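Single-letter residue listing:
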Amino acid sequence: MMALSAGGTLVVSVHDVAPVTRTASMAWVGALERRGIPGSLLVVPGPWRGVGLLEDPALVTWLRAADRSGHEIAQHGWAHEAGPEGSPLRRALGSAMARGCAEFWALDEQEARDRLHRGRAVLWRADLDPIGFTPPGWLASPGTCRALRSLGYRYTTDHAGVVDLVARHRYLAPALSSRPGGATEWIGRRTMIAGARHVSALGGIVRVALHPADWEDPCLRTAALLAIDAALDGGATACTYAELVHRRAAAERLALGPVG
């Protein structure tokens, strides 16, 4: 795997963009823009916490402007809430890992297709055209992965990396994120900063995931911004998930040379 620059690549994603998180989402994007960084904005299209995307025209207008200015709009589930699907053990695992938002963790292929299509239709109605999908909690069932390919999505992400659904290639890139609350929160903050610095120095892919609750907590907000700055200071080049996948695919085709 080849690096795109001596200091590696930085991808910053803003999770859970929705009407109920509009203020925090805009604040995160503002912080990225002050650093000249394009963000991948993971938009919840369905009725999360009772309000759907299309019910907030101001947010839709802002997202269109963000898209035009170089940020990426990506799809983030449908309603961001886990349902009754799957075995009790799988539901329990999803709840432990994603705190009730593992919406695509136990879906069969048809159920996943229905929700993916419903969410993308909302984004299309908002004049937004996502090519990538990140499941809530980074948890997706095998049926969801098959549905993503059949519906023509270009990439998806999980805790460990980014998956090019067309080339069927995985780029190793563990997500760096702080989980608010609990006695181990300070460990997460330190891991984010150290991880960003270390991966950047190795020329790898630094993934920093920002959540609305992180903005409201001064310690988490500071840790996330320090992690981003550490990657930039290490020479990392910032891009979106879509740009990462396209550039890596082009670089690997070039490395293979002409065919035939």
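Note that the coordinates shown come from a computational prediction; the quantities given were computed from them, not determined experimentally.

**Focus: the overall build of the protein chain**
Each helix and strand counted, the protein chain has nine helices and 10 strands in total. The buried share of the protein chain, reckoned over its 260 residues, is 53%. Within the protein chain, residue pairs in contact and separated by at least 24 positions form 73% of the contacts whose partners lie at least 6 positions apart.

**Comments concerning the environment of Trp28**
Mapped onto the fold, Trp28 is located in helix 1 (residues 22-34). When the C-alpha positions of Trp28 and Trp215 are compared, they lie 7.1 Å apart, and in sequence the two are 187 residues distant. Those residues in contact with Trp28 that lie beyond four places of it in its chain are Val14, Leu210, His211, Pro212, Asp214, Trp215, Arg221, Ala224 and Leu225.

**What to know about the pattern of salt bridges**
Close approach of charged atoms lets side chains of opposite charge pair. One pass over the full model with this rule turns up seven salt bridges. Two residues, Arg115 and Glu103, come together in a salt bridge whose shortest N-O distance is 3.5 Å. Of this pair, Arg115 sits in helix 4 (residues 109-125) while Glu103 sits in the loop between helix 3 (88-98) and helix 4, and the two are 12 residues apart along the sequence. Across the pair, exposure class does not vary: Arg115 and Glu103 are buried alike. The shortest N-O distance in the salt bridge between Arg170 and Asp158 comes to 2.7 Å. With a gap of 12 residues between them, Arg170 in strand 7 (residues 169-172) and Asp158 in the loop between strand 5 (155-157) and strand 6 (161-164) connect regions that are remote in the sequence. Its relative accessible area of 40% is what places Arg170 among the partly exposed residues. Assessed through its relative accessible area of 18%, Asp158 is described here as buried.

**A look at the nonpolar core**
Counting residues in each nonpolar core, the largest one holds 42 residues, and the members touching the most others are Leu10, Leu41, Leu53, Leu63, Val208, Leu210 and Ile228. Among the elements of the structure, strand 1 (9-17), helix 1, strand 2 (39-43), helix 2 (57-68), helix 4, helix 6 (185-201), strand 9 (205-210) and helix 8 (218-233) are those that each provide at least two residues to this core. Not counting chain neighbours up to four residues away, the residues in contact with Ile228 comprise Leu10, Val12, Leu32, Arg35, Ile37, Val208 and Leu210. Grouped together as the second largest cluster of nonpolar side chains are 13 residues, Ala74, Tyr171, Cys239 and Ala242 included.

**Examining the packing of aromatic side chains**
Under the definition given, this model contains four aromatic pairs. Between the aromatic rings of Trp28 and Trp215, the centroid separation amounts to 4.9 Å while the plane-to-plane angle is 75°, which identifies the pairing as edge-to-face. In this pair, Trp28 is assigned in helix 1 and Trp215 in helix 7 (residues 212-216), connecting sequence segments 187 residues apart. The two residues Trp28 and Trp215 agree in class, both being buried. Geometrically, the ring pair formed by Phe133 and Tyr153 is edge-to-face, given 6.2 Å between the ring centres and 65° between the ring planes. Taken together, the residues span a long stretch of sequence, with Phe133 in strand 4 (residues 132-133) and Tyr153 in the loop between helix 5 (142-150) and strand 5 at a distance of 20 residues. Assessed through its relative accessible area of 0%, Phe133 is described here as buried. A connected cluster of aromatic rings, assembled from ring pairs, spans Phe104, Phe133 and Tyr153.

Quick notes on the rules
Residues numbered from 1 in each chain as written. Predicted model: local features only at pLDDT ≥ 70, side-chain atom pairs only at ≥ 80, totals over all residues. Heavy atoms only, no water. Helix = DSSP H or I, 4+ residues; strand = E, 2+ residues; numbered from the N terminus. Buried < 20%, exposed > 50% of the residue type's maximum accessible area, 1.4 Å probe, protein only. Contact = heavy atoms within 4.5 Å. Salt bridge = Lys/Arg side-chain N within 4 Å of Asp/Glu carboxyl O. Core = buried A, V, L, I, M, F, W, Y, C linked by side-chain atoms within 4.5 Å. Phe/Tyr/Trp six-rings, centres within 6.5 Å; stacked < 30°, edge-to-face > 60°.

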